[in-house]
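Per-entry structural report
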Amino acid sequence: MSGGKVDIKVVLLGKAYAGKTSLVERYIHNRFLGETVPYQNTIGAAFGAKTVTVNNQNVVIGIWDTAGSERYEAMSRIYYRGAKAAIVCYDLTDKSSFDRARFWIGELQKYEQGCQIYLCGTKFDIIEDNPDLRTVSERDAHALALDVRGENYETSSKTGKDIDKIFTKIAVDYLASKTAHKNEVDADIVELRKHPKKHLCQGCS
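I will try to describe carefully the structure that is included in this document. (Residues numbered from 1 in each chain as written. Predicted model: local features only at pLDDT ≥ 70, side-chain atom pairs only at ≥ 80, totals over all residues. Heavy atoms only, no water.)

What follows concerns the pattern of salt bridges. Applying the stated criterion across every chain, the model contains eight salt bridges. A salt bridge links E154 to R134, with the nearest nitrogen and oxygen atoms 3.0 Å apart. With a gap of 20 residues between them, E154 in strand β6 (residues 151–154) and R134 in the loop between α4 (124–129) and α5 (138–147) connect regions that are remote in the sequence. The exposure class assigned to R134 is partly exposed, which follows from its relative accessible area of 26%. A salt bridge links E151 to K169; its shortest N-O distance comes to 3.2 Å. Taken together, the residues E151 in strand β6 and K169 in helix α6 (residues 163–194) connect sequence positions 18 residues apart. The partly exposed category is assigned to E151, whose relative accessible area is 32%. Shared partners join several salt bridges into a network, and the residues in it are E151, K169 and D173. (Salt bridge = Lys/Arg side-chain N within 4 Å of Asp/Glu carboxyl O. Helix = DSSP H or I, 4+ residues; strand = E, 2+ residues; numbered from the N terminus. Buried < 20%, exposed > 50% of the residue type's maximum accessible area, 1.4 Å probe, protein only.)

Structure representation (structure tokens):
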């Protein structure tokens, strides 16, 4: 799916089997297939879109679910180019996936500095049933989220825990940034009308 108007481009990044595809399936289709139809490893990227209503405004979120395998790293850069938001996923039961999340954050900070980062710990239902399986502490994840001026969510695609919450927050932040930009433009226009000569180049009359 690639047609239609998208207001905000969101990319999902993270290690293979960190739960990215399951998260998208739950959000867009409200389903969890993990126990009946095992997910195939994403090759390249898959696209989906959903409209969310925030403050009586409709926002179309275009979601790119990228491959987590290291051999597709260069290809993933193509898909997160121009993204306004990134959900960096890690598996709460797999410490190496959290380490991998740090890599993707570094990539975004290097290549897409305007992209807002949201951390997402997946498979919360597993550690809820067996806390001993947790390998990523909430404290460490929260500290990383603070470093990137973002937020950390612990989600479950099986139960749906906090998945809608992430995308709603992305839409809210998008509308807030859009409003802030409009206010800046309006302020510049007012300033220009008040003091037109201040904005003329030297030597102009």
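Backbone geometry places N30, a non-glycine residue, at a positive phi of 55°. With respect to the helices, strands and loops of the structure, N30 is situated in the loop between α1 (20–29) and β2 (45–54). For N30, a relative accessible area of 57% puts it in the exposed group. Located in the positive-phi region is N56, a residue other than glycine, with phi close to 65°. Looking at the element boundaries, N56 is found in the loop between β2 and β3 (57–66).

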